[in-house]
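Each chain, letter by letter, is given below.
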Amino acid sequence: MTTLSSTPRADGFRMPAEWEPHSQTWMIWPERPDNWRLGGKPAQAAFTAVAKAIARFEPVTVCVSAGQYENARARLDDPRIRVVEISSDDAWVRDTGPTFVIDDQGSVRGVDWTFNAWGGLDGGLYASWVRDDQVASKILEVERCDRYRTEGFVLEGGSIHVDGEGTLITTEECLLNRNRNPQLSREQIETVLREHLAVDTIIWLPEGLYNDETDGHVDNFCCFVRPGEVLLAWTDDPADPNYPRCQAALRVLEQARDARGRSLQVHKLPIPGPLYATAEECAGVDRVAGSQPRDPSVRLAGSYVNFLIVNGGIIAPRFDDPKDAEAEAILRRVFPEHEVVMVPGREILLGGGNIHCITQQQPAPQRR
Ligand code: KQY
């Protein structure tokens, strides 16, 4: 693996849309006891279900610690799932893994953003995050992909979505947060995104979902379904703290033009719940100073938007909530060419994210 001093854009690379063909999806095995209850055992079952659902459509590689290798290998008993020993601090490969970029000559490279556990010592979710910050580099090494490292520029993959045609969507709440890149202006942040992802138009939503512990990652709130169309988490209840967030996002999206000059069609996806962890669920999480405490009074940032697009499929969370059926119907309607597979998302949500956050697609090489 070579670390390059140029930028993807300068070298003719771009971040493809999630619906473009994948060679595989990456995941990380959960075990951190101050984030996952009961030593991670219920989460391991949930991650296994996600990995097996994805493996119906494309290969999966799961990174695992030495201590959990034998257990993960035994649980992930599917020949389409590869298990490799890569240590990490937690299991959010969307944020700690590389953002893969491709060119038109069949090459795949990776952007290795600096990671600071969603805010470092200013509101971050745990310390240390040294192993997490090494995950992207290790994955690129395994894949023999060259690497672009944005040393000192903090970004998580869950804070961006692209349409593959030059448009990026993100939130001010996260990317302009003082705990990410306080030394940079909005324009300077845009320049880094333009250079590393080859995007031209950046759509800034003011905020993400209420109580999202990532400071409002867009992947829990709004995503592209194809160029010119987005899904937006939605509530019609003015008493819901998400109401002003949804309204503000809709106003921006209705005014926006994408990189090709199109206006955006917005599909609304209901927000489940409100969902809360039970006292019993919270009691199963180890208490560690500096890690995110769990409390049954704190609303969970549950969202159906937090799904993954795979080759021919949509892997989406269900919450055993009355809104599950409506969300599934909307996903089937907006993705008529994909098979929609709903898998249990509650245990992943208890850890602070969902299916999109625990997965990272690796695009297939493209020759054009
Ligand atoms: O949602 C994500 N992309 C990551 C969530 C991290 C939560 C850690 N407790």
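This structure is a prediction, so every number in the text was calculated from the model and none was measured. Chains are numbered independently. Their residues run from 1 in the order of the written sequence. Predicted model: local features are reported for residues with pLDDT of at least 70 only, side-chain atom pairs are reported and counted for 80 or more only, and whole-chain, interface and lining totals are derived from all residues. To obtain the side-chain values, all non-hydrogen atoms of the structure were used and water was disregarded.

Peer 1: Can you help me understand the nonpolar core in this one?
Peer 2: If you look at soluble globular proteins, the nonpolar side chains tend to sit buried side by side. The biggest cluster of nonpolar side chains holds 48 residues, and the ones touching the most others in it are Met27 and Ile315. Only strand 2 (22–28), helix 1 (41–55), strand 3 (60–64), strand 4 (81–85), strand 5 (99–102), helix 4 (130–142), strand 14 (308–310) and strand 16 (339–344) provide two or more residues apiece to this core. For helices the rule is a DSSP run of H or I covering at least 4 residues; for strands it is a run of E covering at least 2, with both sets numbered from the N terminus onward. Counting residues per element, this core draws most heavily on helix 1, at eight residues. Should any heavy atoms of two residues lie within 4.5 Å, those residues are counted as being in contact. Residues contacting Ile315, with those up to four places away along its chain left out, are Ala53, Ile54, Phe57, Phe307, Leu308, Val310, Val341, Val343 and Ile355. Grouped together as the second largest cluster of nonpolar side chains are 44 residues, Phe221, Leu232, Leu269 and Phe307 included. What makes a nonpolar core is a set of buried Ala, Val, Leu, Ile, Met, Phe, Trp, Tyr and Cys residues whose side-chain atoms join them at distances within 4.5 Å. Exposure categories follow from relative accessible area, calculated using a 1.4 Å probe and restricted to protein chains: below 20% of the type maximum is buried, above 50% is exposed, and the middle band is partly exposed.

Peer 1: Sorry, what's going on with the environment of Thr150 here?
Peer 2: Mapped onto the elements, Thr150 comes out in strand 7 (residues 147–154). The spatial distance from the C-alpha of Thr150 to the C-alpha of Thr114 is 6.1 Å, given a sequence separation of 36 residues. Not counting chain neighbours up to four residues away, the residues in contact with Thr150 comprise Val111, Asp112, Trp113, Thr114 and His196.

Peer 1: Before we go on, may I ask you to explain the side chain of His161 in this structure?
Peer 2: On the secondary structure map, His161 appears in strand 8 (residues 161–162). In contact with His161, not counting residues within four places along its chain, are Glu18, Thr167, Leu168, Ile169, Val218, Asp219, Cys222, Cys223, Phe224 and His356.

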